[in-house]
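Chains, contacts and geometry: an overview
Read off the chains here:
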Amino acid sequence: MQHQELFTRANIGKMRLKNRIIMCPMGNKTDPDGGVQMRNIDYFEERAKGGAAAIFTGAFMCTEEFETRGCNVIYNFSHVDRLTLLCDKVHAHDCKLVVQLTAGLGRMGYTDPTRPPYSASDTETFYFKGVRCKPFTVDQIHYMVKAMGNSAMLCKRAGADAVELHCYGGYLIDQFQTARWNTRTDEYGGSLENRMRFTMEIIAEVKKMCGEDYPIIVKFCATHDMGEGGGYHDLEEGLKMAKMYETAGVAALHVDVGCYDAWYKAITTCYNKEGHQLFAAKAVKDVVSIPVITQGKLADPDRANAVIKEGIADVVGLGHQMLADAYWPQKVKEEKFEDITPCIGCNECMYTSRNGQYRHCAVNPLCYHEKDYEQAVSWYERTLTEIEKHYGLNLAYAVVCENLANVCREADKPDQAERYLGKAREVRDRLTEENRENLALYLNAARSKSRAAGIPEFQDNGHYELFLYTLASIYYDNRGMEAPEANVRQLINSFVLELRYAHEDLGETEREHEPL
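First, a word on what this report is: a plain description of the structure on this page. (Residues numbered from 1 in each chain as written. Predicted model: local features only at pLDDT ≥ 70, side-chain atom pairs only at ≥ 80, totals over all residues. Heavy atoms only, no water.)

For the structure shown, the criterion picks out 21 salt bridges. One salt bridge in this structure joins arginine 195 and glutamate 237, with 3.1 Å as the shortest N-O distance. A residue pair is termed long-range when its members are at least 10 positions apart, and arginine 195 in helix H5 (residues 192–195) and glutamate 237 in helix H7 (residues 235–248) qualify at 42 residues. Accessibility assignment for this pair places arginine 195 and glutamate 237 in one class, buried. With a shortest N-O distance of 3.6 Å, aspartate 225 and lysine 265 are connected by a salt bridge. Of this pair, aspartate 225 sits in the loop between strand S10 (216–223) and H7 while lysine 265 sits in helix H8 (residues 263–266), placing them 40 residues apart in sequence. Linked by salt bridges that have partners in common, Asp31, Asp33, Asp81 and Arg82 make up one network. (Salt bridge = Lys/Arg side-chain N within 4 Å of Asp/Glu carboxyl O. Helix = DSSP H or I, 4+ residues; strand = E, 2+ residues; numbered from the N terminus. Buried < 20%, exposed > 50% of the residue type's maximum accessible area, 1.4 Å probe, protein only.)

Here's what the structure looks like:
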């Protein structure tokens with residue numbers, strides 16, 4: 001295997017990964033009550049099918065007590081059932097599910113000038129200059145700590161394999177950790193140890209609620225990469241934080257760079273260099289003994305493999321690339337590099353998300369629309385059901401199986417293709433000589449009618465729509481069939497009805513048909 005290091009197994013605490021590739025957390029839309037949407041479940045399941053070792057969800061808030069919901073929430077049992085369904089769907093593909101938990105967005109919250117958000121201290125909001133945040137009281141901080149532990153417990157009960165704490169990017173927990181936004185003078189401000197106290201209490205509470213061996217991953221900024229001064233994290237402070245996390249007993253560190261104040265460093269664009277965050281991951285890797293997850297434009301399989309091979313990090317995270325091509329891991333493993341749809345760094349996904357829409361992808365129209373557009377395979381299978389129900393296993397059934405096998409091959413599903421070819425061979429082997437003669441009449445009539453209607457030759461037709469036209473043309477007086485844009489369902493009905501007429505013309509018994 002060309003990239004074998006990527007496909008070795010790994011452990012994050014007691015969570016066993018089948019390879020070294022995870023899908024990074026990105027924000028998601030929600031049901032009206034903040035629970036997991038079915039559309040999200042379809043979206044995540046597709047990435048699990050594609051071969052990722054673990055799916056990291058977008059952030060789940062632990063409470064709506066202090067700010068309006070900006071993402072999923074999980075704080076009571078009414079949110080557990082849909083999260084359980086997500087876990088089950090992902091687990092069915094030998095993939096782990098990690099839920100990212102957040103205390104909130106703080107100064108980054110989706111607010112307005114009349115309702116200042118809460119933050120670590122009296123700091124300016126991000127979106128409205130001059131609007132100052134309301135500092136959390138100590139009692140409110142204690143409430144948040146308890147809420148984070150409760151949410152982690154609910155995630156574990158739902159079946160999540162681990163939780164990841166949302167301690168990066170300038171969001172609320174990072175605001176507590178960062179001197180620029182935390183000017184408190186009590187036990188939660190001042191020194192690094194005090195600024196980290198909120199995070200350390202959350203880790204202790206999660207362990208209390210979920211058990212010492214339940215994996216806690218922390219995603220944090222090893223550096224905001226904002227230069228000297230200003231109160232942001234620099235790499236020196238980030239490495240101290242990494243050691244503190246390890247001492248607190250977390251299972252792994254997910255290393256990030258940047259914050260909203262320099263968004264392009266945290267959110268990859270077409271202008272970033274490949275592997276632009278690797279320097280921070282390597283620095284953290286050198287000072288801790290727990291697994292390190294890295295990210296940041298690692299869609300080149302050679303570069304991703306080198307990250308593991310050279311000991312820069314233990315796990316590679318892909319974000320936008322997993323939107324562009326859910327099957328990146330599988331295609332790399334099978335060395336089908338030319339089939340990978342690359343992320344082009346346009347940030348169409350961010351643009352639509354920031355406008356309140358689902359994350360669209362400029363190069364993958366099925367992103368967040370996994371079930372909206374039925375593909376040829378499902379239509380073929382429905383046709384098989386109709387043929388078998390009304391006419392038994394005839395030549396038409398065999399031909400559909402053979403066309404379906406071609407579709408499966410094109411979709412890189414060789415096992416399914418072979419299954420359908422086997423069905424076709426079985427049907428053809430069972431046909432009697434009389435059946436063959438009668439069915440040959442069907443095909444001859446189809447070719448004749450197809451030519452009269454200007455439809456391509458049947459034997460050269462590998463496309464589903466044209467195949468339906470051909471079968472619908474059997475003993476069919478040309479009634480001005482529409483061009484390939486015609487409704488496929490109408491064609492299926494025509495096909496089944498005309499096949500019934502063909503049976504009647506050949507002396508077969510009339511059979512009832514209910515339109516689809």
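Past the structure itself, the notes keep going.
Okay, helix H10 (residues 301–309) next. Every buried residue of H10 is accounted for by Pro301, Ala304, Asn305, Val307 and Ile308. Looking straight down H10, one finds that the buried residues subtend no more than 145° of arc, so they occupy a single side. Those residues of H10 that are buried are in contact with helix H9 (278–285), strand S12 (292–294), strand S13 (315–318) and helix H12 (328–333). Positive phi appears at glycine 311, one or two residues downstream of H10, with a value of about 70°. (Arc of directions from axis to C-beta. Contact = heavy atoms within 4.5 Å.)

Another aspect to go through is the nonpolar core. Core analysis: the biggest nonpolar cluster contains 95 residues, and Leu83, Phe198, Phe220, Tyr245, Leu253 and Val284 have the highest contact counts within it. Per-element accounting of this core gives the leading share, ten residues, to helix H3 (residues 138–158). Ala10, Ile22, Ala54 and Ile293 belong to the second largest nonpolar core, which has 16 residues in total. (Core = buried A, V, L, I, M, F, W, Y, C linked by side-chain atoms within 4.5 Å.)

Read these as spatial facts, not as claims about activity.
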